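Understanding the architecture of this molecule
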Amino acid sequence: MAQRSSGPKYLVPVVLGKALRTLGRLRGGGSAFPGWAVLRLAPDFLQDATAQFAHGIVFVLGSNGKSTTTHMLSEVLRAHGVSVFTNPSGANLPQGIASSLLAEVNLFGRVNADIAVLEVDEAYALELAAILRPTTVLALNTQVDQLYRFYETERVADMMLDTLAVAQTHIVSNRDDPYLSKIDTRFAEKAAVDRPDISYFGVSEQVIAASAHGLVNAHDYRDEAVQTAPRFALAEVTATSKTGATVLVDGELVEVVLPSKGLHYAIDAAAAMAAARVILAERFDTSAAARAFAAMKPAYGRGELLQFGAEQVEFVMFKNAASLQLNLDAITDVPEQVMLAIDEGTPDISWIYDVDFSAIDHVDVITGAKAWQIALCLAHQGIPIGRVEPDLKIAIEFMRGLEKPSTGLKTWIVNYEQMMLARKLIGFGEMENQR
Amino acid sequence: MTVVTVVQLYPGELGVAGDRGNVLALVARLRAAGFTPTVHEHRRDGLLPETADVVIVGGGPLSAMRNIYGDLMANAATLRVWAASGVPFFAYGSGCELLGTSVTLPDGNVLDGVGIFPLTAVRVPERTVGYVVVESTTGRVVGFEDNASRWTLGADALPLGSVSAGHGNGNGFEGVLAGRSIGTQIGGPVLPLNPALADRLVVGVAERLGIELTPREAAASNTTLTDDYAQRAREVIVGKATHVFSRI
């Protein structure tokens, strides 16, 4: 590929974009608007600014775990001395990615990094791939997610499979995902030299069998009859513990400390290490990877512990039935105090009835605009409810008033919007570039 | 205590959006009315029970509809016999479409239905998403709609009700009735949110069995908590639905 020269054509858009970004931050909070403005002024900006990474561009896709895995992969690469550009958690649409690039580019539209690791929204992934030509595409899972937006799960699966298929060099996919594992069938007719290499990550049968609800990946009703040969996992979760997991990476056992509890975090770690292994090839070092995990902070709201007076709040964030179920399954000690908060950021909450709440024995307060709907579901499941209070502010004060639990820990199970609001209400601001 | 059999069709394939909630609510209302319900989950290649007292089916993606289609057609005659004998069906979304006359898919292919509901469904490119409020003969029914389907009813068929907020079938009405059976595109799921609608099915079950439900039996139940939560949830939904509606 010819080296593109960025040149002074980006001077005006970049200066303007950076100015908009500064203004936006002074006003408080990040915004995708500067990115949108720059893309309008210089449509090639994204393509040119990202065509220069020595190790190329990695796309991270998936129904759940994009932010966590992007974070993990970035940190593992950094532990190998690779400089990484990445987009902040959730800024995964084209204008959001352009906005985060603006923070890093010089006036000629150049970024000083060896590799870009980008979490990308499934619906924009193929379109973005045409512009950015990712060298590596990592797809995590297909889980029933935001049906009001994606309509049907197999449509999301196809978005991810189509994007995997256009990876320039490496495909990294989930061996245990009924849809994503079938990426190899797309290349069945092609000689190995004519296609990107395909690697998998996965979970051992014993670990899956020990999980209360398995992996919660979507069932593939379309191609369930397709029989394939067993697939080898370059990185496989072979055991999980309260604080971490054991992952077998290319024949070597790696003990990793996880930022939060749950099999899904262990799988994200295996995915990140499989990707790091194919990107770094022989340079991949299991001890560097383990060091990266040991030093990692939890991503925003994913098992994060925040100070709350003399106590601590553990945030458990969910987006859909799969992430909520996997988080509930990760609970080993029944939490003493629980707040559950869901608002209209989750428009259709029907799926709450598909979640098994038996991991918790009660909820102290249910809050958020959808509080009564959630209470109705929990009452039907026989879970005792202390109080229903749609106003988050009042609910938080109610939680504050409860006697200090023996663990000193209060568990708040929240959707993204309520997590952001709750953080603010207890004195923690936004952290735009938290990676 | 009369034992009644609730048959749920294809809980895996046609149960992707909280349809389990409809089963939970129906079972709770049957119990509250003095019945002892047992749930028979019918899966592909399984056997339907000899008899059924109420049949329930939910929604699922096109691939799931195609997947169970053969099994459904193999059991269509039994289901029609049940319906003709007055067994109430409760059907949501694509499950209801498959129990209707036909479904026209996005690629133009037509799937013939079982023929229990006088309903023709056509899948359309535009999707309808949001809270929905419907006025029915059993009162106000609220929930969440999320579909890309337009429903046309047979000449003499009655809808569930008229739409006061949201989209419904696309012509001011929502759902379809057939005897004691109810078909709808109101999710949420709809039965927990609308205990009166679940009770309508319970009354249907009792009528067919010749059992007279006394009001005392219906009241002497432990559904006060869910009734209260449902009522509060309904108020919030109505507030939001009309709010959004008035802005359009």
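Residues numbered from 1 in each chain as written. Chains lettered and ligands numbered in written order. Predicted model: local features only at pLDDT ≥ 70, side-chain atom pairs only at ≥ 80, totals over all residues.

The subject of this paragraph is the overall build of chain A. Within chain A, the secondary structure is distributed over 15 helices and 15 strands. Expected size for 435 residues packed as a compact globule is a radius of gyration near 22 Å; at 22 Å, chain A falls within 12% of this value. Across chain A, every contact between residues at least 6 apart in sequence was considered, and the portion connecting residues at least 24 apart equals 76%. (Helix = DSSP H or I, 4+ residues; strand = E, 2+ residues; numbered from the N terminus. Rg over C-alpha atoms; globule rule 2.2 N^0.38 Å. Contact = placed C-beta atoms within 7 Å.)

What follows concerns the overall build of chain B. In terms of helices and strands, chain B carries eight helices and 12 strands. The C-alpha radius of gyration computed for chain B amounts to 17 Å, which stays within 12% of the reference 18 Å derived for 248 residues, consistent with globular compactness. Taken over the C-alpha atoms alone, chain B extends approximately 50 × 45 × 35 Å along its principal axes. When the 248 residues of chain B are sorted by exposure, 52% land in the buried category. In chain B, the share of contacts with a sequence separation of at least 24, taken over all contacts with a separation of at least 6, comes to 71%. (Buried ≥ 20, exposed ≤ 12 C-beta atoms within 10 Å, placed from the backbone.)

Next up on the list: helix α12 (residues 321-329) of chain A. Taken across its nine residues, α12(A) has eight buried, putting it largely inside the fold. Buried positions along α12(A) lie against α10 (263-280) and β11 (311-318) of chain A.

This paragraph deals with the domain arrangement of chain A. Residues and elements named next belong to chain A. The assigned domain composition of chain A is domain 1 (8-295) and domain 2 (302-425). Computed over C-alpha atoms only, the centres of domain 1 and domain 2 are separated by 28 Å. Across the contact, 20 residues belong to domain 1 and 17 residues belong to domain 2. Only α7 (147-150) and α10 provide two or more residues apiece to the side of domain 1 that touches domain 2. Partitioned by chemical class, the residues of the side of domain 1 that touches domain 2 number seven nonpolar, 10 polar and three charged. (Domains from an automatic or database assignment. Nonpolar A, V, L, I, M, F, W, Y, C, P; charged D, E, K, R; others polar.)

It is worth spelling out the nonpolar core at this point. One broad rule of soluble globular proteins: the nonpolar side chains tend to lie buried together. Counting 210 residues, the largest nonpolar core has A:A269, A:M273 and B:L26 as the members making the most contacts within it. Examining the composition of this core, we find that 14 residues originate from one element, α10(A), more than from any other. Among the domains, domain 1 (8-295) and domain 2 (302-425) of chain A are the pair contributing at least three residues each to this core. Sequence-distant contacts of B:L26, that is, excluding residues within four places in its chain, are made with B:V6, B:V54, B:I56, B:F90, B:L191, B:A198 and B:L201. (Core = buried A, V, L, I, M, F, W, Y, C linked by C-beta atoms within 7 Å.)

The interface is formed by 24 residues belonging to chain A together with 31 residues belonging to chain B. Counting residues per element, the ones that place at least two in the side of chain A that touches chain B are α7, α8 (153-165) and α13 (371-380) of chain A. The leading source of residues in the side of chain A that touches chain B is α13(A), at seven residues. Residues belonging to the side of chain A that touches chain B are distributed by class as follows: 14 nonpolar, five polar and five charged.

Let's shift gears to the sheet that holds strand β14 (residues 385-389) of chain A. Residues and elements named next belong to chain A. One open sheet accounts for six strands, arranged β10-β11-β15-β12-β13-β14; its pairing is mixed. Looking at which strands have only one partner, the edges of the open sheet turn out to be β10 (302-308) and β14. Between one strand and the next, the sheet's axes are offset by a mean angle of 20°, whatever the strand orientation. Pairing between strand β13 (residues 363-367) and β14: four bridges, direction parallel. Across the sheet, I366 pairs through a bridge with V388, a residue of β14. (Pairing = 2+ DSSP bridges. Axes fitted to C-alpha atoms, helices over the stretch in contact; angles between N-to-C directions.)

Turning next to the packing of helix α4 (residues 66-78) of chain A against α10(A). All names here are of chain A. It is the contact of α4 with α10, at a shortest axis distance of 9 Å, that shows an interaxial angle of 45°. Here α10 runs oblique to α4, going by the angle between their axes. Here α4 runs over α10; the crossing is right-handed. When α4 is examined against α10, the residues T68, T69, M72, L73, V76 and L77 are found in contact with a partner set consisting of Y265, D268, A269, A271, A272, M273, A275 and A276. Here the residues of the contact of α4 with α10 sort into 11 nonpolar, two polar and one charged. (Parallel < 35°, antiparallel > 145°, perpendicular 65-115°, else oblique. Left-handed = near helix turned anticlockwise from the far one by under 90°.)

We now examine the sheet that holds strand β4 (residues 89-92) of chain B. Residues and elements named next belong to chain B. Pairing in this open sheet of six strands is mixed, and the strands run β2-β1-β3-β4-β12-β11 from one edge to the other. Taken across any chain shown, the strands that pair with only one partner, and hence form the sheet edges, are β2 (35-42) and β11 (176-178). Strand-to-strand twist in this sheet, taken as the mean axis angle between neighbours without regard to direction, amounts to 15°. Where strand β3 (residues 54-57) and β4 come together, three bridges link them in parallel fashion. Paired with I56 across the strands is F90, a residue of β4. Taken strand by strand, helix α1 (residues 19-32) contacts β1 (2-9), β2, β3 and β4, and its axis lies near 155° from that of β2.

Residues and elements named next belong to chain B. An ideal rise of 1.5 Å per residue puts 18 Å on 13 residues; helix α2 (residues 62-74) measures up with 19 Å between its terminal C-alpha atoms. Along α2, the sharpest change in direction is near 45° and occurs at I68. The inward-facing, buried residues of α2 abut α3 (76-84) and α4 (93-98). (Expected span 1.5 Å × (residues − 1). Bend = angle between axes of the 7 residues up to and from the residue.)

Residues and elements named next belong to chain A. Following both chains from N to C, one finds helix α6 (residues 122-132) and α8 inclined at 25°, their axes separated by 8 Å at the closest point. One finds that α6 runs roughly parallel with respect to α8. Every pair of crossing elements has a handedness; the one defined by α6 and α8 is left-handed. From α6, E122, A123, A125, L126 and A129 reach across to α8, where they touch V156, M159, M160, D162 and T163.

Let us now look at unusual backbone geometry. With an omega dihedral of -15°, the bond running from B:G188 to B:P189 counts as a cis peptide bond. Along the polypeptide, B:P189 turns up in the loop between β12 (181-184) and α5 (190-193). Phi is positive for A:R133, close to 45°, though the residue is something other than glycine. Within the secondary structure layout, A:R133 lies in the loop between α6 and β4 (136-139). Overall, A:R133 belongs to the partly exposed group, with 16 C-beta atoms counted inside 10 Å. For A:A281, which is not a glycine, the phi torsion comes out positive at approximately 50°. Within the secondary structure, A:A281 is located in the loop between α10 and α11 (286-295). A tally of 7 C-beta atoms within 10 Å means that A:A281 is categorised as exposed.

To continue, consider the pairing of strand β9 (residues 161-165) of chain B. Residue and element names in this part refer to chain B. In this sheet, β9 lies alongside strand β7 (residues 119-136) in antiparallel orientation, the contact comprising four bridges. Among the inter-strand pairings, V133 is bridged to a residue of β9, identified as A165. Note that β9 and strand β10 (residues 173-174) share two bridges and pair antiparallel. Residue S162 lies in a different strand from β10, and its bridge partner there is F173.

Turning our eyes to something else, we now look at the confidence of the model for chain B. In this model, chain B carries a mean pLDDT of 92, and residues with pLDDT of at least 70 account for 94%. Among the scores for the predicted complex, ipTM is 0.95 and pTM is 0.86. (pLDDT = per-residue confidence, 0-100.)

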